Amino acid sequence: MNAEFFEAIEDIEKEKGIPRGYMYDKIRQAMLTAFRRDNPECEDNVEIVLDEDKKRIEMNVMKTVVDEVADPNHEINLESARKYSRRARLGDVVPIPVETKKFGRIAAQSAKQVIIQGIREAERGLVYEEFTSKEHEILTGIVSHIEPRNGAVSIRISSNSEFTEAMLSASECIKGETLTEGDHIKVYVVEVRNSTRGPQVLLSRTHPGLVKRLFELEVPEIFDGTVEIKSIAREAGSRTKMAVWSADSNVDPIGSCVGPRGGRVAAIVNELGGEKIDIVKYSESPEEYIAAALSPSEVVSVTMLEDGKSCRVIVPDSQLSLAIGKEGQNARLAAKLTGFKIDIKPQSEA
């Protein structure tokens, strides 16, 4: 039985990745819990030996050899002590074996619960460590359930050998996107929290980081650092503006992102359910950057105001509605992308 016990611990380490040392600590704790349930007076004088090499499991109560026993839980007389150790003398501490088979049913059940709880805690710890390393990364998940009342989506995600259920709240879903159970979707890991119920992985389909990571996966020049994403402004499900830049004058940053025949950006638009993506060239000059950010509208001039945080933009009369965009979206995203307040005026007023 002892040999099988140690083999079982080894199997748990291989299958679940739970270290043997951790399991031995939990088993010692479980055996102590069971023993103290039947022997509440014994506390600090119990020794448990788990010897892997000799495949030996022992539980002993350590008792001091005395002439007259005053505390039977901690003391033993010389005659009784010599039944366990022939060389026992007065003052020696002698190990008295405990037969674990004699544990009561409730005590054994308590020990079992300690071990099960220990395995659960270890598994949660492994899941937490694995997914913490995936914060701000993209994972592919499978839609396992959609809550009809609030639209929250339960997604089964995996990383290496670890699996967990994560929640994609309705507010983090792309507006207008229809998901069904069994769909494979890419999700952005916003944060991983360790709670009493285990690790909670917070996912998003609306975070600008999702667009950034998708471009890193699709565009080699971004992945290797030749092209840099300077800023992203996003209204998920509708439109994204992204500013890119390259230190290499021979590399066209916008062309790299668009790809041959628009293939690279098309793959990302498809993944995001048809969301429009404007890619503009970043510039150190605020005037040039703001003019580019307002594309596809033409810009006549950009004048920076004294506060340094806002500007006035003049556009052709025919381009005014395009510059502002539907419900002000184009101007709003341009302001978010550049970090400047933008006041747009038609050329006739200027």
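To be clear, the structure that these remarks concern was listed above.
Residues numbered from 1 in each chain as written. Predicted model: local features only at pLDDT ≥ 70, side-chain atom pairs only at ≥ 80, totals over all residues. Heavy atoms only, no water.

Colleague: Before we move on, can you summarise the pairing of strand S2 (residues 56-66) with the specific residues and values?
Modeller: As defined by bridge partners, strand S1 (residues 46-51) adjoins S2 across six bridges and the pair is classed as antiparallel. Considered in S2, the bridge of Asp51 is made with Arg56. From the end of S1 to the start of S2, which pair antiparallel, there are four residues, and Lys55 there has a positive phi angle of about 50 degrees. With five bridges connecting them, S2 and strand S4 (residues 93-97) associate as antiparallel partners. Bridge pairing links Lys63 to Val94 in S4. Sheet topology note: the S2/strand S3 (residues 75-77) ladder contains three bridges and is parallel. Looking at the pairing, Val65 lines up with Ile76 of S3. (Pairing = 2+ DSSP bridges. Helix = DSSP H or I, 4+ residues; strand = E, 2+ residues; numbered from the N terminus.)

Colleague: Tell me about the pairing of strand S5 (residues 138-146), and name the residues and values.
Modeller: As defined by bridge partners, S5 adjoins strand S8 (residues 184-195) across five bridges and the pair is classed as antiparallel. Counted as the bridge partner of Gly141 is Ile185 from S8. The hairpin formed by S5 and strand S6 (residues 153-159) contains six residues between the paired strands, and Gly151 there has a positive phi angle of roughly 80 degrees.

Colleague: Outline the nonpolar core, supporting the account with residue identities and numerical values.
Modeller: Formed by 21 residues in total, the largest nonpolar core has its most connected members in Phe215, Met242, Cys257, Leu272 and Ile279. Put simply, the parts of the chain that give this core at least two residues each are helix H5 (208-218), strand S10 (227-235), strand S11 (239-246), helix H8 (263-271) and strand S12 (276-281). Among the elements that line this core, the one with the most residues is H5, at four residues. Aside from chain neighbours lying at most four places away, what touches Leu272 is Ile174, Leu210, Val211, Leu214, Arg234 and Ile277. (Core = buried A, V, L, I, M, F, W, Y, C linked by side-chain atoms within 4.5 Å. Buried < 20%, exposed > 50% of the residue type's maximum accessible area, 1.4 Å probe, protein only. Contact = heavy atoms within 4.5 Å.)

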